[in-house]
Amino acid sequence: MPNTDAAFGFRPVGHLDGSPWNGKVNMYYIPSTYGTALWVGDPCVSGGTAGAAGVTVNGIDVEGMSTISAPAAGSTLRGVIVGFLPLQSNLETLHNPASTARIALVCDAPDVVYEVQEDGDTSAIQATEVGFNADMITYAAGRTITGRSLMEIDSSTATSGAAQFRILGLAKRPGNILGTFAKWLVVINEHEFKTAVGV
């Protein structure tokens, strides 16, 4: 039975030492001047600035709080967005709309393992490519109704050279097999807090 095409972005599931993900996150500021929507499960990069003096978001002081933004192709990553603090003007908004000031909760530890779907658009990731690196697909908008990302691993970029994510293995659960839309366990290889390597 083929794999289901149900992308969900990057979902933290554990650490490289085999322990479960501990749920630890850090807060990052998304200013209202940032014009791209962000989603739960999106990889992100440092925004290159921080909150200014006297700026608050829903009563929280963001002075000096680092900003994040969506990654460009090949970007070195800060981490993955796993949630947002509530948007007081609309508590049902699960993602962060463009041009909306908000605080994101980011899993930014460099040893976190994520589960992610591959796109399989050219060729699926092969068993022989476990241990290789791969980039994510071009940044894309997620699903408004769930707030979830639609980001995937770009299977055609699997390489023994440097790339954004290291492929650790197939996510072992029922209904997940090698082939198009398989779900993989990966760790960020090109992370802002560590030195990226090839294979």
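For the structure, check the block above.
First, a word on scope: everything that follows refers to the structure included in this document. (Residues numbered from 1 in each chain as written. Predicted model: local features only at pLDDT ≥ 70, side-chain atom pairs only at ≥ 80, totals over all residues. Heavy atoms only, no water.)

With that settled, the discussion passes to the overall build of the chain. The helix and strand inventory of the chain stands at 0 helices and 12 strands. Reading the chain from its N end, one meets helices and strands in the order β-β-β-β-β-β-β-β-β-β-β-β. A compact globule built from 199 residues would reach a C-alpha radius of gyration of about 16 Å, and the chain, at 17 Å, matches this within 12%. Principal-axis analysis of the C-alpha atoms places the extent of the chain at approximately 55 × 35 × 30 Å. Burial statistics for the chain: of 199 residues in total, 47% are counted as buried. Across the chain, every contact between residues at least 6 apart in sequence was considered, and the portion connecting residues at least 24 apart equals 75%. For the chain, the exposed area adds up to about 9000 Å²; of that, 55% sits on carbon and sulfur atoms. Seen as two clouds, the 11 positive and the 18 negative side-chain charges of the chain have centres 7 Å apart. (Helix = DSSP H or I, 4+ residues; strand = E, 2+ residues; numbered from the N terminus. Rg over C-alpha atoms; globule rule 2.2 N^0.38 Å. Buried < 20%, exposed > 50% of the residue type's maximum accessible area, 1.4 Å probe, protein only. Contact = heavy atoms within 4.5 Å. Areas by Shrake-Rupley, 256 points an atom, 1.4 Å probe, with all protein chains shown as cover. Lys, Arg positive; Asp, Glu negative; His and termini not counted. Charge placed at Lys NZ, Arg CZ, Asp CG, Glu CD.)

Its identity is not glycine, yet asparagine 58 carries a phi of approximately 50 degrees, on the positive side. Relative to the helices and strands, asparagine 58 resides in the loop between β4 (56–57) and β5 (60–61). Of note, serine 99 is a non-glycine position whose phi angle comes to about 60 degrees, a positive value. Turning to its location among the elements, serine 99 is positioned in the loop between β7 (79–84) and β8 (102–107).

This part takes up the nonpolar core. Phe10, Tyr114, Ile153, Phe165, Trp184 and Val186 are the most contacted members of the largest nonpolar core, which totals 22 residues. Counting only elements with at least two residues in this core, the list comes to β9 (112–117), β11 (165–170) and β12 (183–188). For isoleucine 153, the contacting residues outside a window of four places in its chain are Phe10, Val116, Gln117, Glu118, Asp119, Ile125, Ala134, Asp135, Met136, Ile137, Phe165 and Val186. Tyr28, Tyr34, Val40 and Ala104 belong to the second-largest nonpolar core, a separate cluster that totals 12 residues. (Core = buried A, V, L, I, M, F, W, Y, C linked by side-chain atoms within 4.5 Å.)

Right, let's talk about the sheet that holds strand β10 (residues 133–134) for a bit. Ordered by their spatial adjacency, 5 strands build an open sheet running β1-β9-β12-β11-β10, and the pairing between neighbours is antiparallel. The two strands at the open ends of the sheet, each matched to only one other strand, are β1 (11–15) and β10. (Pairing = 2+ DSSP bridges.)

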